[in-house]
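# Reading the structure
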Amino acid sequence: MRSKFTSLQITLHWLVFLLVIVTWGAIELRGLVPRSVGRLFIYTHFSCGIAILLLMISRLLVRVRYPAPPIEPKPKPLYTGLSHLVHLVIYLMFITLPLLGVAAKYYGGREWFAFGISMPVAAEGDEDVEMQLRAIHAFIANASYFVIALHAGAALVHHYLWKDNTLLRMLPGRQKR
């Protein structure tokens, strides 16, 4: 049995992590630059968000094919259950966030771009729907910072306090059998 996730799973995990940072940075820093540059930040936010959606779906498909390697020593069932819950929330958040963002832009009725491509918009925008979707998107995005911190913090607790292989399973490097 494998002691680590596959190299594909590890790559997808850390690529999503980097894209989340870029996505967050792009939307948060857009107001600090001239408007013309700010548009590039917004397009980056949209493109990275869609890329996160595609990568998270890929991660789910790969996870079905390659289950998680066991944690050694085995944690208490309560911790395993909490871990599964947090992972479920992470998958739901990072699939839902881009879908909400795309839907909000669609209902905005104004031209927008991702990956340099003009994306579809409603023939007639609905500002109320757009604003509701944006508010939900922002709420989940803000909540995701807490969930990410919880996830990272738990990995560090596993590594430094409980001294198990949880963190090591997701770090790049050679596979130990």
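In the block above lies the structure referred to throughout.
Our subject in this report is the structure included herewith. The model shown is predicted, which means the values in this text are computed figures rather than measured ones. Position labels on residues start from 1 in each chain and follow its written sequence. Selection of residues for local features in this predicted model requires a pLDDT of at least 70, selection of side-chain atom pairs for listing and counting requires 80 or more, and totals for whole chains, interfaces and linings are taken over all residues. The basis for every side-chain value is the complete set of non-hydrogen atoms in the structure, without hydrogens or water.

A few words on the packing of aromatic side chains. For Phe, Tyr and Trp, where Trp contributes only its six-membered ring, two rings pair if their centres lie within 6.5 Å, and the inter-plane angle classes them as stacked under 30 degrees, edge-to-face over 60, or tilted in between. Throughout the structure, instances matching the rule amount to six aromatic pairs. Taking the centre distance of 5.3 Å and the plane angle of 85° together, the rings of Phe46 and Trp112 count as edge-to-face. Placement of Phe46 in helix α2 (residues 35-65) and of Trp112 in the loop between α3 (77-108) and β1 (113-114) is noted, with a sequence separation of 66 residues between them. Accessibility here uses a 1.4 Å probe with only protein chains present; expressed as a share of the type maximum, an area under 20% marks a residue as buried, one over 50% as exposed, and anything in between as partly exposed. The exposure class assigned to Trp112 is buried, which follows from its relative accessible area of 3%. The criterion for a charge sitting over a ring is simple: Lys NZ or Arg CZ within 6 Å of the ring centre, and within 35 degrees of the ring normal. One Lys or Arg, Arg65, reaches over the ring of Tyr66 and ends 4.9 Å from the middle of that ring. Put simply, DSSP marks the helices as runs of H or I at least four residues long and the strands as runs of E at least two long, and each gets a number from the N terminus on.

Moving on, we come to the layout of surface pockets. Computed over the protein atoms alone on a 1 Å grid, cavities are sets of points where a 1.4 Å probe fits but cannot get out and pockets are open sets with protein on both sides within 12 Å along at least five of seven lines; a residue lines them when it has an atom within 4 Å of a point. Grid points are joined across faces, edges and corners, and a volume is the space filled by probe spheres set on the points. Computed from the structure, the largest pocket encloses a volume of approximately 1200 Å³. Forming the walls of the largest pocket are 45 residues, and the residues nearest its centre are Ser83, His87, His151, Thr166 and Arg169. Elements with a minimum of two residues in the lining of the largest pocket: α1 (7-29), α2, α3 and α4 (127-161). Counting residues per element, the lining of the largest pocket draws most heavily on α3, which supplies twelve residues. Basically, the charged four are Asp, Glu, Lys and Arg, the nonpolar ten are Ala, Val, Leu, Ile, Met, Phe, Trp, Tyr, Cys and Pro, and anything else, Gly included, counts as polar. The residue makeup of the lining of the largest pocket, split by class, is 32 nonpolar, nine polar and four charged. When its volume is computed, the second largest pocket comes out at roughly 1100 Å³. Looking at the second largest pocket, it is lined by 34 residues, and the ones nearest its centre are Ile27, His45, Phe46, Arg134 and His137. Contributions of two or more residues to the lining of the second largest pocket are made by α1, α2, α3 and α4. It is α2 that provides the largest number of residues to the lining of the second largest pocket, a total of ten residues. Considered class by class, the residues forming the lining of the second largest pocket number 18 nonpolar, eight polar and eight charged.

As a further point, take the environment of Asp128. Looking at the element boundaries, Asp128 is found in helix α4. Spatially, the C-alpha atoms of Asp128 and Val147 are 29 Å apart, while their sequence positions differ by 19 residues.

With that out of the way, let us pick up α4. The end-to-end C-alpha distance of α4 is 50 Å, a good match for the 51 Å that 35 residues give at a rise of 1.5 Å each. Of the residues that open α4, the one with a side-chain oxygen 3.2 Å from the backbone nitrogen of Asp128 is Asp126. Where α4 terminates, the next one or two residues include Lys163, which has phi positive at roughly 55°. To estimate the expected span of a helix, subtract one from its residue number and multiply by 1.5 Å. Counted as a polar contact is a pair of N or O atoms within 3.5 Å, where, for protein atoms, one must be capable of donating a hydrogen and the other of accepting one, and residues adjacent in sequence contribute only when both atoms are in side chains.

The rule for a salt bridge is simple: a side-chain nitrogen of Lys or Arg has to be within 4 Å of a carboxyl oxygen of Asp or Glu. The final tally for this structure, using the stated rule, is two salt bridges. Residues Arg110 and Glu130 are paired through a salt bridge, measuring 2.8 Å at the closest nitrogen-oxygen approach. Residue Arg110 is found in the loop between α3 and β1, and its partner Glu130 is found in helix α4; the two are separated by 20 residues along the sequence. Here Arg110 falls in the partly exposed class, since its relative accessible area comes to 46%. Glu130 gets classed as buried once you look at its relative accessible area, which sits at 3%. Through salt bridges with shared partners, one network takes in Arg110, Glu130 and Arg134.

This part is about a nonpolar patch on the surface. Here the term patch refers to residues with relative accessible area over 30% and no salt bridge, with like charges joined within 9 Å and nonpolar side chains (Val, Leu, Ile, Met, Phe, Trp, Tyr) within 5 Å. Surface exposure here means Shrake-Rupley accessible area, sampled with a 1.4 Å probe, where a residue is shielded only by the protein chains that are shown. Together, Leu78, Tyr79, Leu82, Leu85, Leu88, Leu92, Leu156, Tyr160, Leu161 and Trp162 make up an exposed nonpolar region whose accessible area comes to about 1000 Å². Every element with two or more residues in the nonpolar patch is listed here: α3 and α4. The exposure class of Leu88 is partly exposed, given its relative accessible area of 48%.

All quantities given are derived from atomic positions and should not be read as evidence of function.
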